[in-house]
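Results of the structural survey
Residues per chain are reported as follows:
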Amino acid sequence: MADHRLAAHRLARRFSATAGVFGVDLHVAAGEIHALVGLNGAGKTTLMRLLLGMLQPDAGTAMINGLDIRTAGPRIWSTVGHLVDAPLAYRDLDTRANLALAARLHGVPRRHTDYTVDDVIAELDLHHYRDIRARHLSQGNLRRVGLAAALQHDPTVIVLDEPTNALDPAGVILLREALLRRAAAGAGILVSSHHLDEVARVADRITVLNHGTVIGALDPAGIDIERSFFALVHTHDQTRLPT
């Protein structure tokens, strides 16, 4: 397990008989982009929140870089970058100030903050918005700021929930390249998405979640990946029907 950047072991959180996450096993290796796909309500966001300690599990364990998140200290959490739900940005601060604050919160030394922020602004093409307050940014550019905050401190564990939502095609390409660079440098990356064609471009593995359980995997290089996805989901749904 030492080479696993992120791992779930029988992880469970039940909201009702049919809603939640039920005994999920999953891991993300160093240098791997692992995509999590499923229909709305499949449990993708819940699983990510459990992995990040945003929700307490009813059972099972979540581990980051080989350590149980329940005992992981600030040093371990500083190696994590995530964007789940809405980007965290202070509405009255401009892009650069928001990124500088996020860098400091992730443990970037003050003497390195300017370089870190300027580098990610260039990487995600935020030059034109560096002095614009968050309240005036479009949803797409606010999303870019949230992604920049998650990526700028070179985390070894990256968790992104529907990261391409609200991005224009240029933003999607920039994000794709940023994730591939970080995976090549050894980061373990977990992304969820509804866009099967997009995740197939970057993912090393694709896990399918349905009704809170892992039901199979898709081949990123497979032909007609969308058909394969719906076939898996349909088969699983059929097994759940009362006899």
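Look above for the structure.
All of these numbers come straight from a predicted model, not from anything done at the bench.

**Focus on the pattern of salt bridges**
Evaluated as defined, the whole model comprises 13 salt bridges. Here Arg-130 ties to Asp-118 by a salt bridge, and the two come within 3.9 Å at their closest N and O atoms. A residue pair is termed long-range when its members are at least 10 positions apart, and Arg-130 in the loop between α4 (110-123) and α5 (139-151) and Asp-118 in helix α4 qualify at 12 residues. Classification of Arg-130 by relative accessible area gives partly exposed; the value is 28%. Residues joined by salt bridges that share partners form a network here, namely Arg-96, Asp-114, Asp-118 and Arg-130.

**Thoughts on the side chain of Glu-198**
Mapped onto the secondary structure, Glu-198 falls in helix α7 (residues 196-202). Sequence-distant contacts of Glu-198, that is, excluding residues within four places in its chain, are made with Thr-164, Val-172 and Arg-176.

**Brief notes about the pairing of strand β10 (residues 213-218)**
Looking down a regular strand, the side chains alternate between one sheet face and the other. Sheet topology places strand β9 (residues 205-210) next to β10; 5 bridges connect them, and they run antiparallel. Paired with Thr-207 across the strands is Ala-217, a residue of β10. Once β9 ends, the chain turns through 2 residues before running back antiparallel as β10, passing His-211 with a positive phi of about 50 degrees.

**Things to note about α4**
The terminal C-alpha atoms of α4 lie 20 Å apart, and with 14 residues this matches the ideal 20 Å at 1.5 Å per residue to within 8%. Looking only at α4, the buried set comprises Thr-113, Thr-116, Val-117, Val-120, Ile-121 and Glu-123. Within α4, the buried residues cover an arc of 155 degrees as seen down the axis, which keeps them to one side. In α4, the exposed positions that point more than 90 degrees away from the buried face belong to Arg-111 and Tyr-115.

**Some details on the sheet that holds β10**
Spatially, β6-β7-β8-β3-β9-β10 is the arrangement adopted by the 6 strands of the open sheet, whose pairing is mixed. Looking at which strands have only one partner, the edges of the open sheet turn out to be β6 (80-83) and β10. When strand polarity is set aside, the average angle formed by the axes of neighbouring strands in this sheet is 20 degrees. Relative to the sheet, helix α1 (residues 44-51) contacts β3 (33-37), β7 (157-161), β8 (188-193) and β9, its axis offset from that of β8 by approximately 150 degrees.

**A closer look at the side chain of His-34**
Residue position: His-34 is located in strand β3. On the accessibility criterion, His-34 (1% relative accessible area) is buried. At a separation of 3.0 Å, a polar atom in the side chain of His-34 contacts the main-chain carbonyl oxygen of His-27. Reaching out from His-34, the side chain makes a polar contact with the side chain of Arg-205 at a distance of 3.1 Å. Beyond its immediate sequence surroundings of up to four residues, His-34 is in contact with Leu-26, His-27, Val-28, Ile-189, Leu-190, Val-191, Arg-205 and Thr-207.

The rules we used
- Positions within a chain are numbered from 1, following the residues in the order the chain's sequence is written.
- Local features in this predicted model are restricted to residues of pLDDT 70 or higher, and side-chain atom pairs are both shown and tallied only at a pLDDT of 80 or more, whereas totals for entire chains, interfaces and linings draw on every residue.
- In computing side-chain properties, one takes all heavy atoms of the structure into account and sets aside hydrogens as well as water.
- Only one rule defines a salt bridge in this text: a Lys or Arg side-chain nitrogen within 4 Å of an Asp or Glu carboxyl oxygen.
- Only DSSP runs of H or I with at least four residues qualify as helices, and only runs of E with at least two residues qualify as strands; both kinds are numbered from the N terminus onward.
- Relative accessibility under 20% of the residue-type maximum defines a buried residue, over 50% an exposed one, and the middle range a partly exposed one, all with a 1.4 Å probe and only protein chains included.
- In what follows, residue pairs with any heavy atoms lying within 4.5 Å of each other are defined as contacts.
- Strand pairing is defined by DSSP finding a minimum of two bridges between the two strands.
- Helix span is expected to be 1.5 Å times the residue number reduced by one.
- Directions pointing from the helix axis toward each C-beta atom define the arc.
- To obtain each axis, a line is fitted to C-alpha atoms, and for helices this fit is confined to the stretch in contact; angles are then taken between N-to-C directions over 0 to 180 degrees.
- Polar contact is defined as a pair of N or O atoms within 3.5 Å, subject to the rule that within protein one atom must be able to donate a hydrogen and the other to accept it, and that residues adjacent in sequence are counted only when both atoms are side-chain atoms.

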